[in-house]
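# Descriptive analysis of the structure
These are the residues of each chain, in order.
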Amino acid sequence: MTLIHEQQVERTLDTLVARFADAKGAKVEAWVFDDEKSRSKAEATLAAAGVEAKFRSAYKPLLHFLLEEVDLENLSALHVIYPVHKACPKNRFLLEAYPLAGLVGEAGLTFEAGTEDAFYTVTLTEEDGGTEIHKVFAPNRLHTDFIGETLLSPTGWLAVDDATGERVETDYELLFSSAVEAVAAHDWGTKEPYFDELNIAVTLPAEDRRLAVGEEVVSLREALHEDFYFSLLEIFQKKSGRPIGDRGLQPGQIIPEIRPGETVSVRIETRPLWTSEASAELQRLASAVSPVAVAQIRQELAAIKGVAFEARSRTGRAVEARYHAGGDKPVIISGGQHANETTGIVGALRAAQTLSSRPNAHFVISPLENPDGYQVHWRLRTDNPLHMHHAARYTALGDDLEYRSGKELFEKAIRVEAERLSGAKLHVNLHGYPSHEWTRPLSGYVPRTFAMWTVPKGFFLIMRHHAEWTVQAEILIDRVSRHLAAIPGLVAYNAAQIKLFETHAGETGFRIINGFPCLISIDDRHTVPLTLITEYPDETIYGPAFIQGHTAQMETVLSAYDAIQAIEVPSQASGPAV
């Protein structure tokens, strides 16, 4: 192991309390990255010393103002004028208000784009007709980030005795910037991968706050995980000369572990690859309420008749699959490419077990393509079970296996063999995405290159196809979405999330087909001419929500399998017919 960086940062709240403890009669207002409990405690300490203090959240300031200082249940209407700044997306401050539209009940909520300033203007109309107008400050700083891009990001602020005030670099910001700078400055050599595991161990005294909207949660710890993970990926993308967002980069496994604690601290070191395997009690697949252990995945897969084949991951873990031959047109079914997307793994197994009982079924099932990432997901969920954990998304090489090329394919070899054995023309690739808002508050707030996925928008279907398969792709997505629409509650679930998405993100940019958000595009990158990708908001859900998720995934596979049986191969298509 090599220590890269270690630091403990004094809490900004402690610094402010100490600074103003003897300032009796003063009025202090500050914006910091802390939870409500910590901020209230600091206010009370200063109040006992005769100081009027108000410590507000620098993260999602409008949302926290309304949650902490307004009786939302007593309102009949809210009108919000939000800032618009040229240095960020037009909907940036509208997104920061998410999921306000889901919290106001029957009160009328309207938004209006404002000017380039740092304030929300909020008009509150109470049930009795009374009105109040509030100016809600949203402190931000314009800065150049670690890869040379200009961003507008939330920041700390301090104002004393009603003065305008000035920016304060908070503990949250300092911890992040010093750590990323240390990684960027380290000599990593020139050959990928640069390390086995790069571990970022952080303690942060901040509690998560669940909101009464779906799976929504406000979490400073989760936001820091996301910012560390993707910022460091970008550092190594730039170092390697690759474009930002390139998924073929193989730096090694970057794992931020952001735990609750009494101090604000960080320790960054290289470690050996994680080779442990988590265990758990067996669950009945149809009623599984949480991700299933890999031992059960192996057991369920072994119960499916067919030719067993496998690939190996970087750590040597097996990527297992079955080829079940039959008289039907073949279909490839896969899950777990991104290992923090867990409903697809269970859904794939359930679908394959259902199909295996049919007399002419013909398919390949590979339920867990990224076993290294899957073990990281189990590890990370121990401390933060509800977080999205994108550090488990990619492989132990640090890449997205689908984008891998060259001689050493590791996990991707399972797909090559699946295509060779089956000759399938349809691949159903089961995925997921965050079940609640995804942010990077210290890097412009909106996740770079992933803006479309920042808030949930229902069970999303993506159809990628070769140019000559355009008609077939449209037919398949129509039949699959019609089948899914018959699942009780699923269309309503989609509609509720899409409504919130449209309110806070603006235009959707996708089609709605039979109640399902869809993207259909020509893509010749895949060798299989039809690739149906599911995106269920499952990072990270449990209980009935998890059951609904893997049931929807299973039904997608079964309906796609049935649909392809009746779809004619285009006359100009090359290769063997399905």
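Our subject is the structure that appears above.
Everything in this summary refers to the structure shown in the same document. Within any chain, residue numbers begin from 1 and follow the written order of that chain's sequence. Local features in this predicted model are restricted to residues whose pLDDT is 70 or higher, and side-chain atom pairs enter the listing and the counts only when it is 80 or higher, whereas totals over whole chains, interfaces and linings include all residues. Heavy atoms from the whole structure form the basis of all side-chain values; hydrogens and water molecules are not counted.

### Focus: unusual backbone geometry
- For the peptide bond that leads from Glu192 to Pro193, omega is -10 degrees, which places it in the cis range.
- Residue Thr540 is reached from Glu539 by a cis peptide bond, and omega for that bond is -15 degrees.
- Only DSSP runs of H or I reaching four residues or more are called helices, and only runs of E reaching two or more are called strands; each is numbered from the N terminus. Structurally, Thr540 can be placed in the loop between β25 (530-539) and α13 (543-565).
- Residues other than glycine seldom take positive phi values, yet Asp161 does so here, at roughly 55 degrees.
- Tracing the chain through its elements places Asp161 in the loop between β10 (156-160) and β11 (166-168).
- What makes Asp161 partly exposed here is its relative accessible area of 48%.
- Non-glycine residue Thr449 carries a positive phi angle of around 70 degrees.
- When you line up the elements, Thr449 lands in the loop between β21 (426-434) and β22 (460-465).
- The class of Thr449 is exposed, set by a relative accessible area of 53%. Burial classification: accessible surface area is computed with a 1.4 Å probe over protein chains only, and a residue below 20% of its type maximum counts as buried, one above 50% as exposed, and the rest as partly exposed.

### Here's the deal with the sheet that holds strand β23 (residues 511-513)
- Only when DSSP finds a minimum of two bridges between them are two strands counted as paired. Spatially, β17-β18-β20-β19-β21-β25-β22-β24-β23 is the arrangement adopted by the nine strands of the open sheet, whose pairing is mixed. Both outer strands of the open sheet, β17 (307-312) and β23, are each paired with one neighbouring strand and no more. In this sheet, neighbouring strand axes are inclined to one another by 25 degrees on average, regardless of whether the strands run parallel or antiparallel.
- Pairing of β21 with β25 involves nine bridges; the strand directions are parallel. Paired with His427 across the bridge in β25 is Thr531.
- With respect to the sheet, helix α7 (residues 294-302) is in contact with β18 (318-324) and β20 (363-366), its orientation differing from that of β18 by roughly 20 degrees.
- Contacting β21, β23, β24 (516-522) and β25, helix α12 (residues 490-505) runs over the sheet at an angle of about 80 degrees to β24. Every axis corresponds to a line fitted to the C-alpha atoms, with the helix fit spanning only the stretch in contact, and the corresponding angles, defined between N-to-C directions, vary from 0 to 180 degrees. Any pair of residues with heavy atoms lying within 4.5 Å of one another is described as a contacting pair.

### A word on the pairing of β17
- By the bridge criterion, six bridges tie β17 to β18 in an arrangement that is antiparallel. Within β18, the position partnered with Ala308 by the bridge is Arg322.
- Between the end of β17 and the start of β18, which pair antiparallel, lie five residues, with Gly316 showing a positive phi angle near 95 degrees.

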